[in-house]
Amino acid sequence: MQFLQATIIGVSLGAQYALLALGFTLIFGILGVVNFAHGGFYMLGGYVAYSCVAYVGLPFPLAVLIAVLATAALGWVFELFLLERLVDDHLATLMLTLGLYLVITTGAMSAFGPLSMDFRFPVGGSLHVGTLYLPWQNLIVLGVCLAAIGALWLVLFRTDLGRGLRALADDRAVAMAQGLRPKLLFPMAFALATGLAGLTGALVTPILSLSPGVGDPVLATSFLTVILGGLGSLEGAALAAFVVGLVEAFSSVYFGGSIGALVLFVLVLLILVFRPTGLLGRTVRGA
Amino acid sequence: MHNKPALFGWPELISVLVLAAGFFVPMYTRSVLVYSILNQAFIGVIAAQSVWIMLRMNLLSFASPAFMAMGGYTVAIAGQHDITNALILVPAAFLIPALTSIPLGAMVLRLRGTYFVLVTFVLSQILQLLLFETPGLTGGSNGISGIPPVTLFDMEFGSNKMVLKFACGLAILATIITGVVTRWFRQPFAAIEENEVLAESLGLVVWRYKALGFMVSAGVAGLAGYSLVNMLLTAHPTSFESGSAVDFIAYTIIGGRATILGPLLGTGILVYATNLFGTHGQYAQGLYGVLIILVVLVARGGLTGLVQALLRTVIRRKA
């Protein structure tokens, strides 16, 4: 029974990580940018949703939607006006996103203070199946995450926008020769990814916690997942997210402490050094 | 392969002189606040120099907290065994991280650009977790406290004044090491910074210089760890959080990466600015963020670059 419970926790963690990692890897695959601000957008999503519920009195689903739009808009503006100028300089873009992360975190801290917010998921209780107790909030988050992953898949593989984005990720020069415009598509890709981070933040922070520091572990987990899956690979990121979720769930149930994280990080170190293309082993983008 | 350059230039000399002024501070003030700011600055300068050495080869490293922890814990563990002599501990705090960096470097120096950044980030996360998971050696989440103060000959560096002097001495030592190494290997480092592939194809044994730079950078970070542990008299995992790498990178980038004056100026100004926020030191991070964005967008040379450009304009106008 413990095994089943851990599996379900792992899958639900995996779905959250997948949303974060897909956005992160999308940005790297298409723009070649390592987004150090990814955890910041997650945190910001949480705060926007919290503000909508606590100060404006909006229903939670609407608050989540606004959080997605707000984080996507910020991502769009940031890419268009700042990142775009230096998009091919890897270290410069990395520093820019790092700078943005510090600004977002400090902004949240000045507006809301350093302490955790009292932000609760609106649905309580749990589903009883035999001796299993599955909290409704986790099931709802799992459902929304899976739906978002499905929607992202549809956008990327069934629309012209998605085809354009994937073409730019594959080979920018050829894609541009075919008439695709990076200046138009890059901000959209960035906004799509930061919107996903905002969505995850809005959904998950009411269950876990909401404070200005919550972005740090999110960034570390996104790194882990994305490197494990191969930087820039969408399928790899999705697969790796569930591996990371399950390893975390099982190690916390059976071993406790941070052994699980340690094992994952060492694994990631070895993968980075000996197989930078990740689990699925497809070359995505040169360093 | 390359002409042997002068081992010390103006920037190095100015850095050492500015730092040496720290020895005279206790003659003028006993203010705990001044001592604390200066201690932070001395530690920050050393850590920023460790970042700077790697930046000379266009490698942005997040690993400095990991090597700081190695240096710091070496001193803490030695202190538990009543070894406090600086003549033993200074070399140990430098050599243990430097030697550890050899096998680590063999693995991570194969990577460049973004991948190097990621791998060093992962490295410092691993070390942070290891500190928690090895309570037998490192005291785990309790850390190691009650470390005896440093001794040198018959002096004991226990009082505030002496801790400051010791931190000052370590910062000068680190600056001399950093200065000599980056001067001596200026050409190969610059060749790697400009274009590593080209340098290699022209016959430069690139891995040798990268490994050497990584080793010295690790050793220098170890000295920063020593200074930090000596100031706090405890070694705790939270003192070496991987996030603190961001501060040292900020010091270096904002100060400017062209000369050794960059890390010094960046650290000095940012540590001072952080203390202006008083008890709200965490807000300083926002200032770092804005400054990093500004430097990357409009002043690639950082503060030292700006000063240089300004001087050049003034000189040109006079001529």
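For the structure itself, consult the block above.
Draft legend 1. Expanded view of the overall build of chain A. Each helix and strand in chain A was counted, giving 11 helices and two strands. Each helix and strand of chain A, placed in order from N terminus to C terminus, yields the pattern α-α-α-α-β-β-α-α-α-α-α-α-α. Its C-alpha atoms give chain A a radius of gyration of 19 Å, near enough to 19 Å, the size a compact globule of 287 residues would have. Here the C-alpha coordinates of chain A stretch approximately 60 × 45 × 35 Å along the principal axes.

Draft legend 2. View of the overall build of chain B. When helices and strands are tallied, chain B shows 15 helices and four strands. The globule rule puts the C-alpha radius of gyration for 319 residues at 20 Å, and the 19 Å found for chain B is close to it. Principal axes of the C-alpha set define a box for chain B whose edges measure 55 × 45 × 40 Å. For chain B, with 319 residues in total, the buried portion stands at 51%. Considering only residue pairs separated by 6 or more positions, chain B has 80% of its internal contacts joining residues 24 or more positions apart.

Draft legend 3. Layout of the interface of chain B and chain A. Facing 35 residues of chain B, the contacting portion of chain A comprises 37 residues. For the side of chain B that touches chain A, the elements supplying multiple residues, two or more each, are α5 (86–108), α6 (113–133), α12 (244–255) and α14 (284–298) of chain B. If you tally residues by element for the side of chain B that touches chain A, the top one is α6 of chain B, at 15 residues. Counted by class, the side of chain B that touches chain A contains 24 nonpolar, eight polar and three charged residues.

Draft legend 4. Region of the structure containing the nonpolar core. Among the nonpolar cores identified, the biggest contains 197 residues, and I46 and I292 of chain B are the most heavily contacted of them. It is helix α1 (residues 2–31) of chain A that provides the largest number of residues to this core, a total of 15 residues.

Draft legend 5. View of helix α8 (residues 182–204) of chain A. Relative to the 33 Å expected for 23 residues at 1.5 Å per residue, α8 of chain A spans 32 Å between its end C-alpha atoms, a close match to the ideal helical length. Counting buried positions along α8 of chain A gives 18 out of 23 residues, so the element sits mostly inside the fold.

Draft legend 6. Representation of the pairing of strand β1 (residues 126–129) of chain A within the structure. Residues and elements named next belong to chain A. Across four bridges, β1 lies against strand β2 (residues 132–135) in antiparallel orientation. Bridging across to β2, H128 finds its partner in Y133. Hairpin geometry of β1 and β2 is characterised by an intervening segment of two residues between the two adjacent antiparallel strands and by a positive phi of about 60° at G130.

Draft legend 7. Summary view of the environment of A92 of chain A. By the element assignment, A92 of chain A lies in helix α4 (residues 90–112). You can call A92 of chain A partly exposed: it has 17 C-beta atoms within 10 Å. Excluding its chain neighbours within four sequence positions, the residues that come into contact with A92 of chain A are L86 of chain A together with V296 of chain B.

Draft legend 8. Region of the structure containing unusual backbone geometry. All names here are of chain B. Not every positive phi belongs to a glycine, and D82 is a case in point at roughly 60°. With respect to the secondary-structure elements, D82 resides in the loop between α4 (64–80) and α5. A positive phi angle, near 50°, is found at F153, a position not held by glycine. Mapped onto the elements of the fold, F153 is located in the loop between β2 (151–152) and β3 (155–156). Of the residues examined, F153 has 7 C-beta atoms within 10 Å and is grouped as exposed.

Draft legend 9. Just helix α11 (residues 206–232) of chain B, in detail. Given a rise of 1.5 Å per residue, 27 residues ought to cover 39 Å, and the 39 Å separating the end C-alpha atoms of α11 of chain B matches this to within 8%. Burial analysis of α11 of chain B places 20 of its 27 residues in the buried class, the great majority of the element.

Draft legend 10. Broad picture of the environment of P114 of chain A. The topology assignment puts P114 of chain A in the loop between α4 and β1. Since 13 C-beta atoms lie within 10 Å of it, P114 of chain A is described here as partly exposed. Placed 98 residues apart in sequence, P114 of chain A and P212 of chain A show a C-alpha to C-alpha distance of 6.2 Å. Apart from the residues within four sequence positions on either side, P114 of chain A is in contact with M109, S211 and P212 of chain A together with Q282 of chain B.

Draft legend 11. Just the packing of helix α2 (residues 38–56) of chain A against α8 of chain A, in detail. Residues and elements named next belong to chain A. Across the interface, α2 lies against α8 with an axial gap of 7 Å and an inter-helix angle of 50°. Classified by the angle between their axes, α2 and α8 sit oblique to one another. For the pair α2 and α8, the crossing hand works out as right-handed. Residues H38, F41, Y42, M43, L44, G45, G46, V48 and A49 of α2 form the contact with α8, whose own contacting residues are T194, A197, G198, L199, T200, G201 and A202. In the contact of α2 with α8, the residues fall into nine nonpolar, seven polar and no charged.

Draft legend 12. Structural context of the packing of helix α3 (residues 32–55) of chain B against α4 of chain B. Residue and element names in this part refer to chain B. Orientation of α3 relative to α4, taken along the N-to-C sense of each, is 130°, at an axis distance of 10 Å. Compared by their axis directions, α3 and α4 come out oblique. For the crossing formed where α3 meets α4, the hand is right-handed. Of the residues in α4, those touching α3 at A47, S50 and V51 are S64, F67 and M68.

Draft legend 13. Broad picture of the environment of I249 of chain B. Residues and elements named next belong to chain B. On the secondary structure map, I249 appears in helix α12. On the basis of neighbour count, I249 is assigned to the buried category, with 26 C-beta atoms found within 10 Å. Sequence separation of I249 and S64 is 185 residues, and the distance between their C-alpha atoms is 9.5 Å. Those residues in contact with I249 that sit more than four places away from it in its chain are V51 and L60.

What counts, and at which threshold
Residues numbered from 1 in each chain as written. Chains lettered and ligands numbered in written order. Predicted model: local features only at pLDDT ≥ 70, side-chain atom pairs only at ≥ 80, totals over all residues. Helix = DSSP H or I, 4+ residues; strand = E, 2+ residues; numbered from the N terminus. Rg over C-alpha atoms; globule rule 2.2 N^0.38 Å. Buried ≥ 20, exposed ≤ 12 C-beta atoms within 10 Å, placed from the backbone. Contact = placed C-beta atoms within 7 Å. Nonpolar A, V, L, I, M, F, W, Y, C, P; charged D, E, K, R; others polar. Core = buried A, V, L, I, M, F, W, Y, C linked by C-beta atoms within 7 Å. Expected span 1.5 Å × (residues − 1). Pairing = 2+ DSSP bridges. Axes fitted to C-alpha atoms, helices over the stretch in contact; angles between N-to-C directions. Parallel < 35°, antiparallel > 145°, perpendicular 65-115°, else oblique. Left-handed = near helix turned anticlockwise from the far one by under 90°.

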